[in-house]
Amino acid sequence: MTDRYAVFGHPIAHSKSPLIHSLFAAATGQSLEYTAIEAPLDGFAATIAAFRDQGGLGANVTLPFKLQAFELATDPAESARLAGAANALKFDGDRIWAENFDGVGLVNDIQRNLGTALAGKRVLICGAGGATRGAVLPIAQQSPALLAIANRTAETAHQLARDFDGLAQLQTGGYEALAGETFDVVINATSAGLSQASLPLPAGVFARGALAYEMVYGKGLTPFLLQAQAAGVERVADGVGMLVEQAAEAFAWWRGVRPDTQPVIQRLTVPLV
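What this report covers is the structure whose coordinates are included nearby. Not measured: the values here are computed from a predicted model.

Cut-offs and rules
- Residues numbered from 1 in each chain as written.
- Predicted model: local features only at pLDDT ≥ 70, side-chain atom pairs only at ≥ 80, totals over all residues.
- Heavy atoms only, no water.
- Axes fitted to C-alpha atoms, helices over the stretch in contact; angles between N-to-C directions.
- Helix = DSSP H or I, 4+ residues; strand = E, 2+ residues; numbered from the N terminus.
- Parallel < 35°, antiparallel > 145°, perpendicular 65-115°, else oblique.
- Left-handed = near helix turned anticlockwise from the far one by under 90°.
- Contact = heavy atoms within 4.5 Å.
- Nonpolar A, V, L, I, M, F, W, Y, C, P; charged D, E, K, R; others polar.
- Phe/Tyr/Trp six-rings, centres within 6.5 Å; stacked < 30°, edge-to-face > 60°.
- Buried < 20%, exposed > 50% of the residue type's maximum accessible area, 1.4 Å probe, protein only.
- Lys NZ or Arg CZ within 6 Å of the ring centre and 35° of its normal.
- Pairing = 2+ DSSP bridges.
- Salt bridge = Lys/Arg side-chain N within 4 Å of Asp/Glu carboxyl O.
- Polar contact = N/O pair within 3.5 Å; in protein donor to acceptor, adjacent residues only side chain to side chain.

**A look at the packing of helix α5 (residues 102–113) against helix α6 (residues 130–140)**
Following both chains from N to C, one finds α5 and α6 inclined at 50°, their axes separated by 7 Å at the closest point. Regarding the angle of α5 to α6, the classification is oblique. Handedness of the crossing formed by α5 with α6: right-handed. In this structure, α5 uses Gly103, Val104, Leu106 and Val107 to contact α6, whose residues at the interface are Gly134, Ala135, Pro138 and Ile139. Of the residues belonging to the contact of α5 with α6, the class tally is six nonpolar, two polar and no charged.

**So, the packing of aromatic side chains**
Taken as a whole, this structure holds nine aromatic pairs when the rule is applied. Centre to centre, the rings of Phe51 and Phe91 are 6.4 Å apart; their planes meet at 70°, and the pair counts as edge-to-face. Placement of the pair is Phe51 in helix α2 (residues 44–53) and Phe91 in strand β5 (residues 88–92), with a sequence separation of 40 residues. Of the two residues, Phe51 and Phe91, neither departs from the other in class, the shared state being buried. Over the face of the ring belonging to Phe183 we find Arg122, whose NZ or CZ atom lies 5.1 Å from the ring centre.

**Some thoughts on helix α9 (residues 223–230)**
Given 3.6 residues per turn, any residue in an α-helix points the same way as the ones three and four places further on. Those residues of α9 that sit buried are Pro223, Phe224, Leu225 and Ala228. Those residues of α9 that are buried are in contact with β10 (183–188), β11 (206–214) and β12 (235–237).

**Focus on the sheet that holds strand β3 (residues 56–61)**
Whenever strands of a sheet pair, they do so through backbone hydrogen bonds, lying parallel or antiparallel. Spatially, the six strands line up as an open sheet ordered β2-β1-β3-β5-β6-β4, and their pairing is mixed. Strands at the two margins of the open sheet, each flanked by one partner only, are β2 (32–38) and β4 (75–76). Against the sheet, helix α1 (residues 17–28) contacts β1 (3–9), β2 and β3, and its axis sits at roughly 175° relative to β2. Helix-sheet contacts for helix α10 (residues 240–255) involve β1, β2, β3, β5 and β6 (95–99), and the interaxial angle to β5 is about 10°.

**Remarks on the pattern of salt bridges**
The tally for this structure, following the rule as stated, stands at 10 salt bridges. The partner of Glu181 in a salt bridge is Arg122, and the shortest N-O contact between them spans 2.6 Å. Residue Glu181 is located in the loop between β9 (171–173) and β10, and its partner Arg122 is located in strand β7 (residues 122–126); the two are separated by 59 residues in the primary sequence. Residue classification places Arg122 among the partly exposed residues on the basis of a relative accessible area of 27%. Through salt bridges with shared partners, a single network forms among Glu245, Glu249 and Arg258.

**Focus: the side chain of Glu245**
Position of Glu245 relative to the elements: it lies in helix α10. Polar side-chain contacts of Glu245 include one of 2.7 Å to the side chain of Arg258. A polar contact is formed between the side chain of Glu245 and the side chain of Thr261, at a distance of 2.7 Å. Setting aside residues up to four positions removed in sequence, Glu245 forms contacts with Gly105, Asn108, Asp109, Arg112, Asn113, Arg258, Thr261 and Ile265.

**A short note on the sheet that holds β11**
If you trace the six strands from one edge of the open sheet to the other, you get β9-β8-β7-β10-β11-β12, paired in parallel fashion. Edge positions in the sheet fall to β9 and β12, since each has one partner strand and no second. Strand-to-strand twist of the sheet, defined as the mean angle between neighbouring strand axes without regard to direction, takes the value 15°. Direction of pairing for β7 relative to strand β8 (residues 146–150): parallel, over a ladder of five bridges. Within β8, the position partnered with Leu124 by the bridge is Ala148. Sheet strands in contact with helix α7 (residues 154–163) are β8 and β9, and its direction is about 155° off that of β9. Docked against the sheet, α9 engages β10, β11 and β12, running at close to 165° with respect to β11.

Have a look at this one:
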């Protein structure tokens, strides 16, 4: 019987994961079936249970179920525990292993694909939600000169500093606290790219030669990226590479082989215009 995997979300029809994993499987000679499953908003756990009963071996999880996926886990990895959310599950008998590969995917994209080493750099993450929680430790492990988190509600950012105390040294606060500071890498981890809203970034926040990175993918030039360009930033990127890189981490976790991500990224890339 063909090994079964799936991505769960609500909605899920837009997901690129089935295409990504089918391309990975073809490239690595793996025999598997990967589908998209839309779980009811009040029925995620039951949908996962049915999938497992039907022989499912692993799952990716997207919005709005990442928190519930973490809660289902019997064996959460540190990545999932620190984020309080899981985007990948692996099933083994009665055990559910959970990982959060979003942050690793982000770091791999920035460093491997975009050629920007994070060591010694001043890095700013905009937003203090789940996406940022998943990114903090993988970025901190690259030894940046500074890792700052700015959020509209400063206390939410300060809470992250407390949660990661002893694991990552964070500078946190509201956007107004960034006045007079510059950063080599600025990452938008807010939902502003989906709502077409801009961020209250002070003038001068982008250093010369900075990289502006939008976690949202396939939306062209979002307001954040337009802000960056208006500030003179020439290097802008969206999250398509992050999407593919986190998928590659899950694929390797499940199958024991890591696929080449470059052909898939090239296929999915939408020009930033």
